[in-house]
Structure formats: C-alpha cells, structure tokens
Amino acid sequence: MKKILLILVSLCVSIVVTAKTAREEIDENIMLSCSNYLVYPEPIGVKYTKAPKGYTPFYISSYHRHGSRYLIAKNDYLKPQQILHRADSLGLLTDEGIKVMGKVDSVCALADNRYGELTNKGYKQHQGVAQRMYNNFPQVFKGSKTIDARSTDVIRSILSMFAETSTLLANNPKLNLFIDASLYDMYYMNHWFNPINEQYGKTTEVKECKNDFKQKHRNPERLIGELFTSYPDTLSNLWSKDKMYNSLWEIAANLQNLDTSIDMLYLFTKDECYDNWTISNTHWYLESGPSLQTKQMKPYVHCNLLRQIISAADEAIEHDSIAATMRFGHDSVVLPLAMLMRLNNYYYVTGDMETLGDNWQAYKIFPMACNIQLIFYKSKKSSNPVLVKIMLNERECSIPIDAYYGPYYEWDKVKDFYINDILKNIPSPK
C-alpha cells in the first residue's frame, strides 16, 4: 500500500513539475501568441482509445471553423501600407522602417482583393481533416449514406465545406451529398443572431474591461521608435501609434496562414508577443467565455446550435441513413460551443483578467480549421446503449459526467446532461 502511495505521489509531483504555463508554452512556440491566427495543429502521433468491444462508429456530427484566411478588412493591409509610404515621403522611416515597408508592400500584393478569403493552406487543412475522418472512421462512410453539410453564407466557410465534402466524396462516390449555405440556418449556425450578445456582451463594463486591460498591456513605443524617426501629428491624425502597432501585429501574426516565406513576427520581442496574446486572450474570453463581466452568459449564445446537434443526432440514430451532419462557420462559434458543451476544463469562470491567462488559453481551442466532432458508436447487441466520443481538433475530450469507458459516453446520459443541466438552466436573455 505504501509503495502504491509513493508511486501516486511521484506521479503527482511529476505532473506539477512538467505542467507548463502559457508564457512557457508561448516562449517555446511563438506562434501560439498569434491566438486565433494559429495554423491548425495536425494531430500527428495522436493515438485514440479503442472503442469498447463490439462497438463500431456509424455517425459523425461536427462543427468546423473555416481554414486559414487572409485578414478580413481591406484596411487591415492598406492602412499601415499607406502610413509607411506617407512616412517615407516625409523622410521619417528608419532603415528598418524602409525594410518593413517593403515587406508590407509584398504582403499587400499577396492579399489584393482576397480580404477574408480562404488561403491555399486553409483549403488543404480541411482536406486533411476530412481524409483523417474517413481513415479513422471508415465504417461511417460505407455505402450510399447521406452527408448533410451546412455552412454560414461566407465564402471562406463555403469553400472549407467544399474541401471536406469533396474529399469524402472522392473516397466514396456512392455517398449522397447535400450541401447548403443559407440565412435559413443562421439562427443556430451564427451566434450574432442571438439577443444574448446585445444584453450581456456589449455593456459598458465589458467595453471598459477590454480597454483597461489593453491600455495596461500594450506599449507601442519601442517598435514605433525602431521604424520611425518620429511619429508627428501628420501621421497620428491618419493612424495612431497604437493602431499602427496593432496593424503590424495583425499582419505579422496572420502571415503563417499565407503561402509565403515573409516573416514579420521577429519585429516583436517575446514580452510583446506575450502581451499581445494576453490582450487577445482576454478579448476572446469576454466575447465567448463564462466571465463574471458577462454574467457567465456568452457560451449560451449557442444554445440553438447545441439543440440542433442533439436533434440531428437523434434523427441519425433513428433512421441509420445519415453518415454525417457537418457544419462550417467561424472561431466565434467553436470557442463558446466548446465551453457550452463543457469540453475538458475550458468552462473557467473568473472576473480577474490579470490571472486569466494562467488558467485559460483560447489557442488550445480555436486555431484555423478548428473543429468539434461527435463520433457515435453502436453495439452489435441492440440492447446496449449508443455511445458517443467527443473530439476537439481531433483529440479526445472529457465532459463532466460519468464515462461508459475512457472517452466514450452513453448518448442518452450526454443528451440528458446537455438538456437538463445546461440548456434547461439558461436564464432568459430578455
């Protein structure tokens, strides 16, 4: 008995010693500081828990963020380019500033008229997700079963849907494919239609919290001083130092999603990368997480989506003719949905933004092409329960109910948990 206790203590100490802080993880992989611009981390070397004896997968329900994209707005690229050229015409750029101006010119040429669009990397990410889905769960896609795929009415999401569904169809041309991208489905596909956003997400308290945190953790002076000999009103009236700094950060952070070798992340020190990450992490937590500032309501913007996931799964279980229900949208959906579904330990409640980063990191949830997959299993014995395994970014997840075995849960118990413990207790958004 003493020997067992010593082993357990040793394991606990080992876990404590090897656990890394967000700062340590970011210092080791600076790309993590780029938050929602992080390229999809493919599940290389990830091993899955074998299903209980006699169980085989028969249906997949999923929600996918679009893949890697260009920055969304035209001015995300053109405004900093304009300021750099204006400064150059006034003789206000340092040698490093002139070098950066050349890089920004090159990036602007790459992104010209592609604002917000899916990149080639993004398309390939979804091809990879779909191919692994087919390889890992071939039983799901046998025969002439149906794939029901829906997307938000945004081209990068639609193309992401096409990349995955065409990959599945290439593997089995007998599959029946239904695809759609319509306002009809937006009541559950896109949370901006939920009044919870207005009531809890756009309050003065939330806006002040974001602004105060940003002011405390962002200092553009060092970088601006390296690129400009001075930054007079002639420039600041067009674009403030803070906006210029942020624009350069957004371009640098997103470059990993483009098919280019251009690098601008080196412009920022490790401290600045970490600070920029904490600002973004705080923003996303207040936008999507169960913060005290939003009365823990923001994950509930996706109550309609979770209800639709449940009803679609019940239909697939009953009719046994549907291979997959696939949904394609945005990071602002996957992030709160992961918390609403209580995946792993991401439902973290706090009002203290200074300690948030030590306990909650959005980069673990919503890189480009992030996805939540529910894999359903049935037994050869019809009396046995239907099981479900939930995966986030193709990695097995836990939820806070008793498991049937490993990451496998009885669907009826999962459904009961979501309907009676999560959805039933949603306060009125009115």
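Residues numbered from 1 in each chain as written. Predicted model: local features only at pLDDT ≥ 70, side-chain atom pairs only at ≥ 80, totals over all residues. Heavy atoms only, no water.

Enquirer: Quick rundown of the packing of helix α5 (residues 120-136) against helix α6 (residues 155-171)? Include the residues and the values.
Expert: Put simply, α5 and α6 touch, their axes get as near as 8 Å, and they point 40° apart. Relative to α6, the crossing made by α5 is right-handed. In this structure, α5 uses Tyr123, His126, Gln127, Val129, Ala130, Gln131, Met133 and Tyr134 to contact α6, whose residues at the interface are Leu159, Ser160, Phe162, Ala163, Glu164, Ser166, Thr167, Leu168 and Asn171. For the contact of α5 with α6, the class distribution of residues is 9 nonpolar, 7 polar and 1 charged. (Axes fitted to C-alpha atoms, helices over the stretch in contact; angles between N-to-C directions. Helix = DSSP H or I, 4+ residues; strand = E, 2+ residues; numbered from the N terminus. Left-handed = near helix turned anticlockwise from the far one by under 90°. Contact = heavy atoms within 4.5 Å. Nonpolar A, V, L, I, M, F, W, Y, C, P; charged D, E, K, R; others polar.)

Enquirer: Before we move on, could you go through the layout of surface pockets and cite the residues and values that matter?
Expert: Quantified by volume, the largest pocket comes out at close to 970 Å³. In this structure, the largest pocket is lined by 36 residues; those nearest its centre are Tyr37, Asn246, Glu250, His283 and Trp284. Of all the secondary-structure elements, those providing two or more residues to the lining of the largest pocket are α3 (75-89), α9 (204-217), α12 (241-254), α13 (270-288) and α15 (331-340). Residue contributions to the lining of the largest pocket peak at 8 residues, all from α13. Its residues assigned to classes, the lining of the largest pocket comprises 10 nonpolar, 16 polar and 10 charged. Estimates place the volume of the second largest pocket at around 210 Å³. What lines the second largest pocket is a set of 13 residues, and nearest its centre among them are Tyr346, Tyr363, Lys364, Asn393 and Arg395. (1 Å grid on protein atoms, 1.4 Å probe; cavity = no way out; pocket = protein on both sides within 12 Å on 5 of 7 lines; lining within 4 Å. Points joined across faces, edges and corners; volume = space filled by probe spheres on them.)

Enquirer: How would you explain the environment of Pro400 if you had to name every residue and give the values?
Expert: Examined against the element boundaries, Pro400 turns out to sit in the loop between β7 (395-396) and β8 (408-410). It is 36 Å that separates the C-alpha atoms of Pro400 and Asp271, two residues lying 129 residues apart in sequence.

Enquirer: Before we move on, can you summarise the side chain of Gln125 with the specific residues and values?
Expert: By secondary structure assignment, the location of Gln125 is in helix α5. Among the residues examined, Gln125 registers a relative accessible area of 8% and is labelled buried. Here Ser68 takes part through its side chain, which lies 2.7 Å from a polar atom of the side chain of Gln125. Those residues within four positions of Gln125 in sequence are excluded, and the remaining contacts are Val39, Tyr40, Gly67, Ser68, Met368 and Ala369. (Buried < 20%, exposed > 50% of the residue type's maximum accessible area, 1.4 Å probe, protein only. Polar contact = N/O pair within 3.5 Å; in protein donor to acceptor, adjacent residues only side chain to side chain.)

Enquirer: Give a detailed account of α13, specifying residues and quantitative values.
Expert: Spanning 19 residues, α13 covers 26 Å between terminal C-alpha atoms, matching the ideal 27 Å at 1.5 Å per step. Of all 19 residues making up α13, 15 are buried, and the element is well covered by its neighbours. (Expected span 1.5 Å × (residues − 1).)

Enquirer: Describe the pairing of strand β5 (residues 371-379), with residues and values.
Expert: The two faces of a sheet get side chains in turn, since along a regular strand they alternate between them. Of all 9 residues making up β5, 8 are buried, and the element is well covered by its neighbours. Pairing of strand β1 (residues 55-65) with β5, which is carried by 9 bridges, proceeds in the antiparallel orientation. Directly across from Ser61, in β5, lies its bridge partner Leu374. Sheet topology note: the β5/strand β6 (residues 387-392) ladder contains 6 bridges and is antiparallel. Counted as the bridge partner of Tyr377 is Leu387 from β6. (Pairing = 2+ DSSP bridges.)

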